[in-house]
Protein chains: 2
Amino acid sequence: MHVAVIGGTRGLGNWIANFLKKKECQVTITGRNNLMGEAIASKMKLSYTSDNVKAVSQAEVVVVAVPIEVTPQTIKEIAPHLQEGSLLVDVTSVKEVPAEIMLEHAPEGVEVLPTHPMFGPRIRSLEGQVIVLTPHIKGKWYPKVLKFLESEQARILETTPEIHDRMMSIVQGLTHFAYICIASTIERMEVDIKESRKFSSPIYNLMLDMIARIVAQNPYLYYSIQTQNRYIHEVHETFLETFNHLKSLIDDENQEGFVKAMSSAAKHLDDLESALGRSDKAITALNAEVTHLKESIGQEVGLRHMYSQKIHIGVLEELNPDFVMLKDRNKIIRLKLSNVEVLTAEEIRQWKTDNIPLKTFDVSVIFPENSKPDLIARNIEKIEGVVQAKVIDVYHGQQIPEGWISITITYQVVDSELRREVENILTIFGGKIR
Amino acid sequence: MHVAVIGGTRGLGNWIANFLKKKECQVTITGRNNLMGEAIASKMKLSYTSDNVKAVSQAEVVVVAVPIEVTPQTIKEIAPHLQEGSLLVDVTSVKEVPAEIMLEHAPEGVEVLPTHPMFGPRIRSLEGQVIVLTPHIKGKWYPKVLKFLESEQARILETTPEIHDRMMSIVQGLTHFAYICIASTIERMEVDIKESRKFSSPIYNLMLDMIARIVAQNPYLYYSIQTQNRYIHEVHETFLETFNHLKSLIDDENQEGFVKAMSSAAKHLDDLESALGRSDKAITALNAEVTHLKESIGQEVGLRHMYSQKIHIGVLEELNPDFVMLKDRNKIIRLKLSNVEVLTAEEIRQWKTDNIPLKTFDVSVIFPENSKPDLIARNIEKIEGVVQAKVIDVYHGQQIPEGWISITITYQVVDSELRREVENILTIFGGKIR
């Protein structure tokens, strides 16, 4: 399938191009910067052109992933050149305006699907990710798109552009803006954040991480969301009124009024108990990891870098609030604690099996003739670090006493040390190694 | 040691009383409600009196844990009756005023230690919890308190009342107030939160949980923090200015100005990469749990209730976003997903060992005489569900063929089904069960 991603050189557009490429699509990306576009296309092994019209005229699916402000003009530019029977998708954070313009300008026979993927380009798969679809008319493409997204385990939400934009004025509009205001207030007050974290409960630290997470996003995108969603103005006004009201309650020392307002806001939110439970869990998970690492100093641990997915295995030498130091043979590896995940014992074993050259040994043992060679081999496989064990010979011949058999097993281990353990288990039960 | 907790019937004061009781202190709590006080004291097996003066006149350590507003008058009330050589501690969320009043009113020979434990009564241990200490003069009690808190693995932060209150005007003052404003705005806009969660990325859901967490707290305490910390007024004013400034940038469509403000606020926060990593991890942990449960439908799982610590083990029958249903024999147990933690296989095994009546079996097997009976028993212990295995007899007698021995092993299992597994492993290696 031929797909054109308009604005596919960066951000979410680039993520989509990459993702569809892996799903065996023929992907063409477009962008404004030729040098960058060509570099990315060659690295990702897909096509690049700066010519939007050329890109869409050969595509069965066109994904518009340019900034919100230029989305209307981009749609108008490409619309006349769309192939009959093709699908036109946008992935903008607002839906009313793009949906309207796509419907107005797309030629007869082109299906329009306004979407809002509720994730950024940091995710690794669509599993569990929310994608909002606001179809006006569902054509032949719609069930195909649904089926594909469902097979990727995305969570689909179908609604109208208006309901989407109203919801987003809260989900994104209010929270983004309030968080940016908090961060900006902290800056104005010249608070030393690193110092303040020392004074802080784990919950405040996670709260601060969430604020940092929001303000670290692309400010152009966030500006667009704030300005392009026509319901956000009312949200700002309401927030301001609310703030002034609550502030006056504090300034007037109106305890009753404040308590009433706070309790009423709490009651309006859904299930507070679940919210407490989930946030407790999030903190517990972060703490448990640190505790586990503290207890593992001097021992072998495995860490996976969250973004590169690279795995490091070594002896944990040192741990501080920011970094973790591993010793792998004579090399010290220093990793940022916040960016690594701790591997389970099972994951370490799997990694070793996949990455460390295996050693093969054979062993011949004399056992009573009623013993079960294949089950003995399977029992050896249960030893940690033994990857495979197979019977290659069972022998009744001359050198073997009456009532006994000689069993030869070949096995592979991740570490030659394990040879001793294998031979131990064989002799425990009375086997005689030849 | 005799400890009096003034205001020990509820909240943090009650948590402290309970905690110190477990540490073998003789604890007396006081409170305003006799009925409630006596009920709690009898349940927790400690003393109650409504008479603060009586309580402190016999105490070596006095902890003031009453609401901020009544802290000054409470200190003045009890101060003349404190024992010579005793320690006076408060646990209020502001430090300037209580510290001043304690120093002014405590008699000669009484040591004063203003503190702020940065946690609520939901925690289970002091491990990793931050406690701020603002001593004016460090007496003989100070090193003892430090040593105790360090042995409990609390994180101690020593500073002055002024620095504490300035930091808290941000850490608590700003974040609490902004979050309450967000929740209150959501209420005013009549947003259906449950519906909005469907539109939301995992990060928004966690954000909403954090907001819910704040507004679900004791509104009287939060009112006190906002009104009693004299630096908070400036924080409110600065937030308001910041909000109005950013809002005007949006209203005036000043993209450049908004981008500059947001980028600059981001730059002021510390290490954004770590913040992203930590918040990603928190979300990953929440998702991983759900994924694991989804994959365990129809299988045995163990769940621990986060607050009651009660353990439930059963077959996972059903899972939905809010609840998890376990079948334990013929009983269906319905648990709130947000309130349970998933046990590891090791934890389930441990629980069974501790809670299920064990079954004991004996087995006699004939093995070649060079086999190692004790190591065979140890090998059997490695089978999951086998709690103990011990050699009780090794026999060379008449009924046993030349070159062979009979070994009798007694073992305990959590489930009689495991008997077959034990006998299997013995016969695999050529043992003959008698």
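Residues numbered from 1 in each chain as written. Chains lettered and ligands numbered in written order. Predicted model: local features only at pLDDT ≥ 70, side-chain atom pairs only at ≥ 80, totals over all residues. Heavy atoms only, no water.

(A) Highlighting the overall build of chain A. Each helix and strand in chain A was counted, giving 16 helices and 17 strands. For 434 residues, the compact-globule formula gives about 22 Å, and the C-alpha radius of gyration of chain A, at 31 Å, lies well above that figure. Along the longest, intermediate and shortest principal axes, the C-alpha atoms of chain A span 95 × 65 × 40 Å. Of the contacts formed within chain A by residues at least 6 apart in sequence, a portion of 61% connects residues at least 24 apart. Surface exposure of chain A reaches about 20,200 Å², of which carbon and sulfur atoms provide 48%. The averaged location of the 57 negative side-chain charges in chain A is 5 Å from the averaged location of its 48 positive side-chain charges. (Helix = DSSP H or I, 4+ residues; strand = E, 2+ residues; numbered from the N terminus. Rg over C-alpha atoms; globule rule 2.2 N^0.38 Å. Contact = heavy atoms within 4.5 Å. Areas by Shrake-Rupley, 256 points an atom, 1.4 Å probe, with all protein chains shown as cover. Lys, Arg positive; Asp, Glu negative; His and termini not counted. Charge placed at Lys NZ, Arg CZ, Asp CG, Glu CD.)

(B) Quick look at empty space enclosed by the protein. Residues and elements named next belong to chain A. Taken as a whole, this structure holds 1 cavity of 30 Å³ or more when the rule is applied. Volume-wise, the largest cavity comes out at about 30 Å³. Every element with two or more residues in the lining of the largest cavity is listed here: helix 4 (71-78) and helix 5 (96-105). Tallied by class, the residues present in the lining of the largest cavity amount to 5 nonpolar, 2 polar and no charged. (1 Å grid on protein atoms, 1.4 Å probe; cavity = no way out; pocket = protein on both sides within 12 Å on 5 of 7 lines; lining within 4 Å. Points joined across faces, edges and corners; volume = space filled by probe spheres on them. Nonpolar A, V, L, I, M, F, W, Y, C, P; charged D, E, K, R; others polar.)

(C) Inspection of the packing of helix 9 (residues 202-215) of chain A against helix 7 (residues 161-188) of chain B at higher detail. Interhelical geometry of helix 9 of chain A versus helix 7 of chain B gives an angle of 60° and a closest axis separation of 12 Å. Looking at the two axes, helix 9 of chain A sits oblique to helix 7 of chain B. Considering the relative orientation of helix 9 of chain A and helix 7 of chain B, their crossing is left-handed. Across the interface between the two elements, Tyr204(A), Met207(A) and Ile211(A) from helix 9 of chain A touch Ile170(B), Val171(B), Thr175(B) and Tyr179(B) from helix 7 of chain B. The class makeup of the residues in the contact of helix 9 of chain A with helix 7 of chain B is 6 nonpolar, 1 polar and no charged. (Axes fitted to C-alpha atoms, helices over the stretch in contact; angles between N-to-C directions. Parallel < 35°, antiparallel > 145°, perpendicular 65-115°, else oblique. Left-handed = near helix turned anticlockwise from the far one by under 90°.)

(D) Structural view of the interface of chain B and chain A. Tallying the contact residues gives 138 residues for chain B and 138 residues for chain A. Here chain B and chain A share an interface that buries about 13,200 Å² over both sides, 70% of which is from carbon and sulfur atoms. Taken together, chain B and chain A are joined by 12 salt bridges. The interface formed by chain B and chain A holds 39 residue pairs in polar contact (both at pLDDT 80 or more) in total. For the side of chain B that touches chain A, the leading source of residues is helix 7 of chain B, giving 20 residues. Here the side of chain B that touches chain A is built from residues that sort into 70 nonpolar, 37 polar and 31 charged. (Buried area = accessible area lost by both parts, 1.4 Å probe. Salt bridge = Lys/Arg side-chain N within 4 Å of Asp/Glu carboxyl O. Polar contact = N/O pair within 3.5 Å; in protein donor to acceptor, adjacent residues only side chain to side chain.)

(E) Representation of the sheet that holds strand 2 (residues 26-30) of chain B. All names here are of chain B. Within the open sheet, the 8 strands sit side by side as 3-2-1-4-5-6-7-8. Their pairing is mixed. Looking at strand neighbours, the two that pair on one side only are strand 3 (47-49) and strand 8 (155-158), the edges of this open sheet. Direction aside, the axes of adjacent strands within the sheet are offset by 25° on average. As defined by bridge partners, strand 6 (residues 111-117) adjoins strand 7 (residues 130-133) across 3 bridges and the pair is classed as antiparallel. When the sheet's bridge partners are listed, Pro 117 is paired in strand 7 with Ile 131. The strands that helix 2 (residues 34-44) touches are strand 2 and strand 3; relative to strand 3, the one it contacts most, it runs at about 170°. (Pairing = 2+ DSSP bridges.)

(F) View of the pairing of strand 9 (residues 300-305) of chain A. All names here are of chain A. Counting buried positions over the 6 residues of strand 9 gives 5, a clear majority of the element. A loop of 5 residues connects strand 9 with strand 10 (residues 311-319), the two strands running antiparallel in sequence, and Gln 309 in this loop sits at a positive phi of about 70°. In this structure, strand 9 lies alongside strand 13 (residues 340-342), joined through 3 bridges in antiparallel fashion. Within strand 13, the position partnered with Arg 304 by the bridge is Glu 341. (Buried < 20%, exposed > 50% of the residue type's maximum accessible area, 1.4 Å probe, protein only.)

(G) Inspection of the sheet that holds strand 10 of chain A at higher detail. Residues and elements named next belong to chain A. Reading across the sheet, the 5 strands line up as 12-11-10-9-13 and stay open at both edges, with antiparallel pairing between neighbours. Pairing within the sheet leaves two strands with one partner each, and these edge strands are strand 12 (331-336) and strand 13. Looking at each pair of strands side by side, their axes are set apart by 50° on average, direction ignored. On top of the sheet, helix 13 (residues 272-295) reaches strand 9, strand 10 and strand 13; it is set at about 70° to strand 13, its chief contact. Those strands touched by helix 14 (residues 345-355) are strand 9, strand 10 and strand 13, and its axis lies near 80° from that of strand 9.

(H) Spatial organisation of the relation of the copies chain B and chain A. Superposing chain B onto chain A takes a rotation of 180° plus a shift of 0.0 Å along the axis, which leaves an RMSD of 0.3 Å. This pairing of chains is accounted for by a two-fold axis. Within chain B, Ala282(B) has its C-alpha nearest the rotation axis, a separation of 2.4 Å. Interface overlap between copies is the fraction of interface residues in one copy that are interface residues in the other; for chain B against chain A it reaches 100%, indicating a shared surface. (Least-squares fit on C-alpha atoms with pLDDT ≥ 70 in both.)

(I) Up close: the side chain of Asn379(B). Turning to its location among the elements, Asn379(B) is positioned in helix 15 (residues 373-381). Taking the relative accessible area as the measure of exposure, Asn379(B) reaches 9% and is therefore buried. Each residue touching Asn379(B), except ones within four places of it in the same chain, is listed here: Ile425(A), Ile428(A) and Phe429(A).

(J) Spotlight on the side chain of Lys281(B). Relative to the helices and strands, Lys281(B) resides in helix 13 (residues 272-295). A polar contact is formed between the side chain of Lys281(B) and the side chain of Glu289(A), at a distance of 2.6 Å. When residues no more than four places from it in sequence are discounted, the contact partners of Lys281(B) are Leu286(A), Glu289(A), Met306(A), Leu337(A), Ser338(A) and Val340(A).

(K) A look at the packing of helix 10 (residues 219-228) of chain A against helix 12 (residues 255-268) of chain B. Viewed as axis vectors pointing N to C, helix 10 of chain A and helix 12 of chain B meet at an angle of 125°, and their least axial separation amounts to 9 Å. Looking at the two axes, helix 10 of chain A sits oblique to helix 12 of chain B. As for the relative orientation of helix 10 of chain A and helix 12 of chain B, their crossing is right-handed in sense. Residues Pro219(A), Tyr220(A), Tyr222(A), Tyr223(A) and Gln226(A) of helix 10 of chain A pack against Gln255(B), Phe258(B), Val259(B), Met262(B) and Ser263(B) of helix 12 of chain B.

(L) How the structure looks around helix 15 (residues 373-381) of chain A. Within helix 15 of chain A the residues assigned to the buried category are Pro373(A), Ile376(A), Ala377(A), Asn379(A) and Ile380(A). Down the axis of helix 15 of chain A, the sector holding all buried residues measures 160°, keeping them to one side. Of the exposed residues in helix 15 of chain A, those oriented more than 90 degrees away from the buried face are Asp374(A) and Arg378(A). Residues of helix 15 of chain A that are buried in the fold lie against strand 14 (359-368), strand 15 (386-395), strand 16 (404-413) and helix 16 (418-428) of chain A together with helix 16 (418-428) of chain B. (Arc of directions from axis to C-beta.)

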